[in-house]
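Per-entry structural report
These are the residues of each chain, in order.
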Amino acid sequence: MPLPFPPTAVGSNAGLGLKRGPWYRPKPQAPAPGVTAFEPVRAMEPALLTGKRGSKALKKAGYEASVPRCDNCTHYRHAQIKLFNSLPVHFPTRCMRHLVRVEPLGCCDAWAGRNGDVLEP
Ligand code: SF4
């Protein structure tokens, strides 16, 4: 007996309502124009202002990208691991002017920028 072509619902597929059998997988659909794979994640976040609108929003908010802090002070040293007699010694973030441990986002009156800036008295 010749098999029907194209394959139709026969045998075990007969009662499943499948026209092409369980082996059939629909081809992945091309995303709509302008839609990316990250679209579901982006949809949860508000759209960011970019370009001129972003610049205007930052100016209106009085935003400063780099403010005085220990992290950009000339006296600040990052955490390091140095070898002494082939043994590693950990040095925390520190201020070489006051010789104390400091936090990178902290600041004091003696802040001095790497370009010579100082805080106004
Ligand atoms: S404590 Fe003051 S002087 Fe020391 S690193 Fe921080 S800002 Fe600079």
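The structure displayed is predicted, hence computed values, not measured ones.

So, about the sheet that holds strand β5 (residues 100-101). Pairing is antiparallel across the open sheet formed by three strands, whose spatial order is β1-β4-β5. Edge positions in the sheet fall to β1 (76-77) and β5, since each of these pairs with one other strand and no more. Note: β1 against strand β4 (residues 94-95), two bridges, orientation antiparallel. Across the sheet, the residue bridging to Arg 77 is Arg 94, located in β4.

Right, let's talk about the site of the ligand for a bit. Close contacts around the ligand come from 13 residues, with Cys 70, Cys 73, Tyr 76, Cys 95 and Cys 108 the closest. Its residues placed into classes, the shell around the ligand shows nine nonpolar, three polar and one charged.

All right, on to unusual backbone geometry then. One non-glycine residue, Ser 86, lies in the positive phi region at around 65°. The residue Ser 86 is located in the loop between β2 (80-84) and β3 (87-91) in this model. In this structure Ser 86 comes out as exposed when scored by C-beta crowding, with 5 C-beta atoms within 10 Å. Phi is positive for Leu 99, close to 55°, though the residue is something other than glycine. Within the secondary structure, Leu 99 is located in the loop between β4 and β5.

Our next topic: the environment of Pro 104. When you line up the elements, Pro 104 lands in the segment after β5. Taking the C-beta count within 10 Å as the criterion, Pro 104 has 13 such neighbours and is therefore assigned partly exposed. Discounting residues that sit within four places of it in the chain, Pro 104 has contacts with Arg 69, Cys 70, Asp 71 and Thr 93.

Among the five residues in β3, zero count as buried, and that is only a small part of the element. Two strands pair when backbone bridges link them, and β2 and β3 are joined in this way by five bridges, in the antiparallel orientation. Within the sheet, the bridge partner assigned to Ile 81 lies in β3 and is His 90. The antiparallel hairpin formed by β2 and β3 contains two residues in its connecting segment, where Asn 85 sits at a positive phi of about 50°.

About the thresholds
- Residues numbered from 1 in each chain as written.
- Predicted model: local features only at pLDDT ≥ 70, side-chain atom pairs only at ≥ 80, totals over all residues.
- Pairing = 2+ DSSP bridges.
- Helix = DSSP H or I, 4+ residues; strand = E, 2+ residues; numbered from the N terminus.
- Near = placed C-beta within 6 Å.
- Nonpolar A, V, L, I, M, F, W, Y, C, P; charged D, E, K, R; others polar.
- Buried ≥ 20, exposed ≤ 12 C-beta atoms within 10 Å, placed from the backbone.
- Contact = placed C-beta atoms within 7 Å.

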